[in-house]
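Examination of the molecular architecture
Spelled out, the chains give:
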Amino acid sequence: MALYRFRITFEDYDDVIREIDVKSNQTFEDLHRAIHQSTGYVPEYPSSFYISNDQWTKGEEITYLPNQKRIDRGVALMDKVKLLSYIDDPHQKFYYTFNFDRPFDFHVELMKIILDDAPGVVYPAVIKSVGEAPKQFGNVINTPVEAAEGDDFDFLNELAISDEDTEDFSEVAETGLEDEEEKKVDDEEEDEFGSGFSDDEGFEEEEGKMPHGDDY
């Protein structure tokens, strides 16, 4: 049985490369699972291969775990389609999107056709692995910070402000309170002693109007 040797690369991570041998009568689902055996990803997510040209333009689609729209369009299913049905070129290319919700895109290119499989080898077989695949769910959504005592900072949770930012906010708030207290004390002192005596010139004028002993 002939083997197809595919070279698989991430579209956005050129330094991560896999080479996989697959029997010509195996399916696109077999290749799909072999790719994620090599990346360490859980393969049970909606995905599709697209027949492609040298510019990696998407053509006919072959899908796995299709949504209703794909079912209605009659898109071919991976487990029903053998690889040999779409190998017309010795360098046939497939554009492959894994997990439509949080996708990784791959370039899959046929490198060579091997006429005989090796005895005792279970196919698909990963024959070359270069570079570490990025984490399957690398873009983790930040969880909100826990509410402070008394729920004083609940609104910060809605803004997803970090603990560090919360501390900075607390420092600013405390500084603001200190400034308010100082201002309050200054105002109280001014009210107690009155503002008239702060004007030395005015005081001198008033002193000049006081009666002298000779006027009595």
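Residues numbered from 1 in each chain as written. Predicted model: local features only at pLDDT ≥ 70, side-chain atom pairs only at ≥ 80, totals over all residues. Heavy atoms only, no water.

The next thing to look at is helix 1 (residues 28-39). With 12 residues, helix 1 ought to run about 16 Å at 1.5 Å a step, and its terminal C-alpha atoms sit 17 Å apart, in line with that. For helix 1, a buried count of nine out of 12 residues is recorded, marking the element as mostly surrounded by other parts of the structure. The complete set of buried residues in helix 1 reads Phe28, Glu29, Leu31, His32, Ala34, Ile35, His36, Ser38 and Thr39. Between the side-chain oxygen of the N-cap and the backbone nitrogen of glutamate 29 there are 3.3 Å, and the N-cap of helix 1 in question is threonine 27. (Helix = DSSP H or I, 4+ residues; strand = E, 2+ residues; numbered from the N terminus. Expected span 1.5 Å × (residues − 1). Buried < 20%, exposed > 50% of the residue type's maximum accessible area, 1.4 Å probe, protein only. Polar contact = N/O pair within 3.5 Å; in protein donor to acceptor, adjacent residues only side chain to side chain.)

The subject of this paragraph is the confidence of the model for the protein. The predicted structure's coordinates, where accompanied by low pLDDT, should not be read in detail. Looking at the protein as a whole, its pLDDT mean stands at 78, while 63% of the residues score no less than 70. Confidence over residues 195-216 falls short of pLDDT 50; this stretch has three contacts with residues more than four positions distant or in other chains. (pLDDT = per-residue confidence, 0-100. Contact = heavy atoms within 4.5 Å.)

Before going further, it helps to examine the environment of tyrosine 86. Mapped onto the fold, tyrosine 86 is located in the loop between strand 5 (76-77) and strand 6 (93-98). Here the alpha-carbon distance between tyrosine 86 and isoleucine 51, two residues 35 residues apart in the chain, equals 7.8 Å. Among residues more than four places away in sequence, those in contact with tyrosine 86 are Phe28, Ile51, Glu60, Ile62, Val81, Gln92 and Phe94.

Moving on, we come to the pattern of salt bridges. Counted according to the given criterion, the structure contains eight salt bridges. A salt bridge links glutamate 61 to arginine 73, with the nearest nitrogen and oxygen atoms 3.0 Å apart. With glutamate 61 in strand 4 (residues 58-64) and arginine 73 in helix 2 (residues 68-73), this pair connects stretches of sequence that are 12 residues apart. Counted as one network, the salt bridges with shared partners bring together Glu29, Arg33 and Glu44. (Salt bridge = Lys/Arg side-chain N within 4 Å of Asp/Glu carboxyl O.)

Across residues other than glycine, the phi torsion is negative in most instances, and most of the peptide bonds are trans. Across the junction of tyrosine 123 and proline 124, the peptide omega takes the value 0 degrees, indicating a cis bond. Non-glycine residue tryptophan 56 carries a positive phi angle of around 60 degrees. Examined against the element boundaries, tryptophan 56 turns out to sit in the loop between strand 3 (47-52) and strand 4. Of note, the phi angle at leucine 65 is positive, near 50 degrees, even though the residue is not glycine. Relative to the elements of secondary structure, leucine 65 occurs in the loop between strand 4 and helix 2. Since its relative accessible area comes to 40%, leucine 65 is described here as partly exposed.

We now examine the nonpolar core. Formed by 29 residues in total, the largest nonpolar core has its most connected members in Phe6, Phe28, Ile35, Phe49, Phe94, Phe106 and Val108. Beyond its immediate sequence surroundings of up to four residues, phenylalanine 106 is in contact with Ile8, Thr9, Phe10, Glu11, Ile35, His36, Phe94, Tyr95, Tyr96 and Phe98. (Core = buried A, V, L, I, M, F, W, Y, C linked by side-chain atoms within 4.5 Å.)

It is worth spelling out the packing of aromatic side chains at this point. Throughout the structure, instances matching the rule amount to 16 aromatic pairs. Summarising the aromatic geometry, the rings of phenylalanine 6 and phenylalanine 94 are spaced 6.2 Å apart at their centres and angled 55 degrees between planes, so their arrangement reads as tilted. Placement of phenylalanine 6 in strand 1 (residues 3-10) and of phenylalanine 94 in strand 6 is noted, with a sequence separation of 88 residues between them. A relative accessible area of 0% places phenylalanine 6 in the buried class. Since its relative accessible area comes to 0%, phenylalanine 94 is described here as buried. A ring pair is formed by tyrosine 96 and phenylalanine 106, whose centres lie 5.4 Å apart and whose planes are at 35 degrees; its orientation type is tilted. Highlighted residues: tyrosine 96 in strand 6 and phenylalanine 106 in strand 7 (residues 104-114), separated in sequence by 10 residues. Judged by relative accessible area, tyrosine 96 falls into the buried class, the value being 0%. (Phe/Tyr/Trp six-rings, centres within 6.5 Å; stacked < 30°, edge-to-face > 60°.)

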